[in-house]
Amino acid sequence: AVSHYRLFPKALGRLVAALGVRELHLALTQGFWRTRYWGQPPLQAPAGAELWVWFQPTVTDVDKAWKELSNILSGIFCASLNFIDSTNTVIPTASFKPLGLANGTDHHLLRYAVLPREVVCTENLTPWKKLLPCGSKAGLAVLLKAERLFHSSYHSQAVHIRPVCRDASCLAVSWELRQTLTVVFDFFSSGQGKKDWSLFKMFSRTLTDTCPLASQSKVYVDISPKNKEKELLEVSPPPTSVHEAIVQGDKKTYAVYDLLSPSLFNTSRSLNVQLKWKRPQDSSEMPIPTLHAQRYVGGYGLQTGEICTLIYNTHPFRAFPVILLETVPWYLRLYVHTLTIVTKGKENKPSYIHYQPAQDRRRPHLLEMLIQLPANSVTKITIQFERALLKWTEYPPDPNHGFYVGSSVLSALVPSVIAMKDLDVEQSPLFTSLFPSSDGSSYFVRLYTEPLLVNLPTPDFSMPYNVICLTCTVVAVCYGSFYNLLTRTFHVEEPSRGGLAKRLANVIRKFRGVPPL
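Residues numbered from 1 in each chain as written. Predicted model: local features only at pLDDT ≥ 70, side-chain atom pairs only at ≥ 80, totals over all residues. Heavy atoms only, no water.

(A) The side chain of Glu 50, seen in detail. Counting through the fold element by element, Glu 50 comes out in strand β2 (residues 48-55). Put simply, Glu 50 is tucked away with no salt bridge, and the nearest opposite charge, on Arg 446, sits 6.3 Å away. At a separation of 3.4 Å, a polar atom in the side chain of Glu 50 contacts the side chain of Tyr 112. Once residues within four sequence positions are removed from consideration, Glu 50 is found in contact with His 25, Leu 26, Ala 27, Phe 96, Tyr 112, Ala 113, Val 114 and Tyr 448. (Helix = DSSP H or I, 4+ residues; strand = E, 2+ residues; numbered from the N terminus. Buried < 20%, exposed > 50% of the residue type's maximum accessible area, 1.4 Å probe, protein only. Lys, Arg positive; Asp, Glu negative; His and termini not counted. Salt bridge = Lys/Arg side-chain N within 4 Å of Asp/Glu carboxyl O. Polar contact = N/O pair within 3.5 Å; in protein donor to acceptor, adjacent residues only side chain to side chain. Contact = heavy atoms within 4.5 Å.)

Next up, the structure:
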């Protein structure tokens, strides 16, 4: 149970205690991380909404707690998480292991769901900022201006709750709440043609003070030299210190601005970190990560198709295994006997495979595989499917837009280029927590592929409209005429002798010798 609400938000604390939650991970993302252009993602999440939760062993009805949890989170974060049900929920057996303290890993206590069509906007950012101890009134959260954050190429906000050790002996356990926000501002491709940036240029704001409740408040700027171009970078104002760390298997150099340092705000009342290049830079691509993947739909027509996944291992001499998780909706009926895994022209047999078939309108397909990736190779995974014909009431308002299929999930321990020492772990608790490493020679990576957009056989929804219009027209014409004949009263009118005007006209015509009217 959570009993200390000075910093921990009470809405989440009471939720964790009431529903028996052991770990909670929620991410709301707009856009897709372009690995080939932006490099390895620091904390990647799939497009849309992702929620995965570990429950306590004391929870008797996990499905009921999962449904109640998704509804409550939907209200807290103003998202459509209430659409999570049995048709898009799976129970992975090998992926999504607990990230905090865990006595056991009974996968029946795990639930995972993705809503790839969820749209993230300001109504989701506002409750996320309210969970911070100082909100958006002070500290680093002052920069979080919604108008600037959503005018970006990629935006992802996440909330992670897990149990951690309070001290080295781990005699006491505490709840850890981590809120992360990942934003990509692509100034070069947006037309400005420069790589120079500053806090004011990105957020239209600067840092003025720190959160009074914060024990640490720092800004890290990556100034790692690329191709020995360290002297071309210029950071202003001068940083408080320079820190080196091993992040995702590569050595990084960071300029650190400690907002709690008294000397930082002595010269000016605000901090506007700027990075400039001493000479114009071309749009150079980031180094391709060791592990990356892509996914697409093959085939033609609206009856059958094929899901293709390409997994790249660019390491020159190290092979490593990867766990692939595929979640496919029930209306795409997979043919498991057509599953093929090919690496360098040869069949690659998975070491472990778990498949749970879908049930119509009840649960999706679940496919998990442990695949060995040889060094410097491309592994192609294909599986064929058949499109189902839905009931006409099951189609969304825009059925011709297509149906979304959630991203594939890749989990792997990727070999590190530079081995991490134990001293680096002690000196970099922040990076060790964000980017965990097992033994220094490898680091854990969880990647997501693109979500798929699949067209299903769609009936002509204009036909009911045409039938209604035609029926109403026939009824109006036929019934209206028949009713008119039945209810109308006919009267025979006698011919009148004409009015005063007619008689005057005849008198005038008589004098003129013209026949009367």
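Picking up after the structure, the text goes on.
(B) Focus on the pattern of salt bridges. Within this structure, the stated rule accounts for nine salt bridges. For Asp 63, the salt bridge goes to Arg 111, with nearest N and O atoms at 2.9 Å. Residue Asp 63 is located in helix α3 (residues 62-77), and its partner Arg 111 is located in strand β4 (residues 110-115); the two are separated by 48 residues in the primary sequence. Given a relative accessible area of 49%, Asp 63 falls into the partly exposed group. Looking at Arg 111, the relative accessible area reads 6%, which means it is buried. For Glu 394, the salt bridge is made with Arg 361, and the minimal N-O distance between the two is 2.5 Å.

(C) Main features of the pairing of strand β1 (residues 21-30). Burial analysis of β1 places nine of its 10 residues in the buried class, the great majority of the element. The pairing of β1 with β2 spans eight bridges and is classified as antiparallel. Its bridge partner lying in β2, Leu 24 is registered against Val 53. In the sheet, β1 pairs with strand β5 (residues 154-165) via seven bridges, with the strands oriented antiparallel. Looking at the pairing, Leu 26 lines up with Val 159 of β5. (Pairing = 2+ DSSP bridges.)

(D) Fine view of the packing of helix α1 (residues 10-19) against α3. Where α1 meets α3, the closest approach of the two axes is 11 Å, and the angle between their N-to-C directions is 170°. Here α3 runs roughly antiparallel to α1, going by the angle between their axes. Note on element contacts: α3 touches α1 through Ala 65, Glu 68, Leu 69, Ile 72, Leu 73 and Ile 76, opposite Ala 11, Leu 12, Leu 15 and Leu 19. By residue class, the composition of the contact of α1 with α3 is nine nonpolar, no polar and one charged. (Axes fitted to C-alpha atoms, helices over the stretch in contact; angles between N-to-C directions. Parallel < 35°, antiparallel > 145°, perpendicular 65-115°, else oblique. Nonpolar A, V, L, I, M, F, W, Y, C, P; charged D, E, K, R; others polar.)

(E) Quick look at the environment of Pro 321. Within the secondary structure, Pro 321 is located in strand β15 (residues 320-328). Taking relative accessible area as the criterion, Pro 321 reaches 38% and is therefore assigned partly exposed. Taking the C-alpha atoms as reference, Pro 321 lies 9.1 Å from Ser 351; in sequence the two are 30 residues apart. Excluding anything up to four places from it in sequence, Pro 321 contacts Leu 370, Ile 371, Gln 372 and Ala 412.

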